[in-house]
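What follows is the residue order along each chain.
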Amino acid sequence: MLDYDLEAARYDQTRGGVERARAAADAVLELVPKDCAVLLDVACGTGIVSELLRTPDRTVIGVDMAAGMLALARPRLGGTGRAVRGDATRLPLASGAVDAVTFMWLLHLVDEAVVAAAVAEAARVLRPGGVMVTTVDKDSAQFGMNTDVGAIMRAARQELAPPASDQAERVRELAAAVGLEAAGTARYVGHGQGQTPKAWARRLREQAGWARRADPARIAEICRALEALPEQDVRRPDPEYVVASFRLDGH
Ligand SMILES: C[S@@+](CC[C@H](N)C(=O)[O-])C[C@H]1O[C@@H](n2cnc3c(N)ncnc32)[C@H](O)[C@@H]1O
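Here we summarise the structure given alongside this text. Everything numeric here is computed off the predicted structure, so don't read it as measured data. (Residues numbered from 1 in each chain as written. Predicted model: local features only at pLDDT ≥ 70, side-chain atom pairs only at ≥ 80, totals over all residues. Heavy atoms only, no water.)

Right, let's get into the sheet that holds strand β6 (residues 180-189). Each strand in a sheet pairs with another by means of backbone hydrogen bonds, the pair being arranged parallel or else antiparallel. Read across the open sheet, the 7 strands follow the order β3-β2-β1-β4-β5-β7-β6; overall the sheet is mixed. Two strands lie at the open edges of the sheet, namely β3 (82-85) and β6, each paired on one side alone. The sheet shows a mean angle of 20° between the axes of neighbouring strands, taken without regard to direction. Examined bridge by bridge, strand β1 (residues 38-42) and strand β2 (residues 59-64) share 5 bridges and lie parallel to one another. The residue of β2 that forms the bridge with V38 is T59. (Pairing = 2+ DSSP bridges. Helix = DSSP H or I, 4+ residues; strand = E, 2+ residues; numbered from the N terminus. Axes fitted to C-alpha atoms, helices over the stretch in contact; angles between N-to-C directions.)

Within the largest apolar cluster, 35 residues are counted, with the highest numbers of intra-cluster contacts made by V32, L39, V49, L53, V133, Y188 and V243. Of all elements in the fold, only α1 (4-14), α2 (17-31), α3 (67-77), β5 (126-136), β6 and β7 (240-248) reach the threshold of two or more residues within this core. In terms of residue count, the dominant contributor to this core is α2 (7 residues). Those residues in contact with L39 that sit more than four places away from it in its chain are V32, L53, R58, T59, V60, I61, A100 and T102. Judged by nonpolar contacts, the second largest core, of 30 residues, contains L91, A118, A123 and L180. (Core = buried A, V, L, I, M, F, W, Y, C linked by side-chain atoms within 4.5 Å. Buried < 20%, exposed > 50% of the residue type's maximum accessible area, 1.4 Å probe, protein only. Contact = heavy atoms within 4.5 Å.)

Quick look at the pattern of salt bridges now. Here the structure, examined in full by the defined rule, presents 18 salt bridges. One salt bridge in this structure joins D12 and R76, with 2.9 Å as the shortest N-O distance. Highlighted residues: D12 in helix α1 and R76 in helix α3, separated in sequence by 64 residues. By relative accessible area, which is 18% here, D12 ends up buried. Residue R172 is joined to E169 by a salt bridge in which the shortest nitrogen-to-oxygen separation is 2.7 Å. Separated by 3 residues within a single helix, R172 and E169 lie in helix α7 (residues 168-177), roughly one turn from each other. Using a relative accessible area of 37% as the deciding quantity, one classes R172 as partly exposed. (Salt bridge = Lys/Arg side-chain N within 4 Å of Asp/Glu carboxyl O.)

This is the structure:
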């Protein structure tokens, strides 16, 4: 995982800024009941999405492990809300304390044991009838697009990457095991997330993520295929991300 303390200063501007955050928040709000009074945004990061989940009647609490990210989230969540340091697998909240828990762009970053523990923690802190909302299949959204880059990267992932930790079906199973039933999905455009072929080749050459464990000769071949595409400096269309919601047994 990236060092988010170092990433904090450039995070918002390199992840689509307020436009991406607004689209993400709107998708979450489609899935969170209107009367949700306390929402816990786990892995809130800089709080750029979290602050858009607030309403005059709703308190948003952000939790994140990275102090650098939290320093930016705190002013955004001040007033009725707060941003606190904590781990998704050991949330600093009482059982049954919140109406909704969100995980935006977290579950794809951690291994399956952490996903299972985080989902169980969400179930613990939710009141009966409360909802957990999470992004799923985050990385495959980048390559789900019908583009030349998408086709190369989709095939490369299938060949070389381990199964994603935030696969929708696996998250659904883990949620069901702790009493969280699937309750719906929404989608949003990851504004600013579409990348150029050159940028993808650079990421692979820098051994980002699964490329680190792959055969370097195979990675070099894939990079050459990306670098042979036309319009090397033209960003391909922004991906469309999926968020899924799960309701805790209760009513
Ligand atoms: C990609 S950022 C997402 C931030 C924010 N949710 C957003 O959509 O902009 C991932 C965040 O997860 C945090 N994180 C990673 N592992 C965590 C854990 N186990 N518990 C809490 N936060 C974690 C990182 O510090 C980072 O701020």
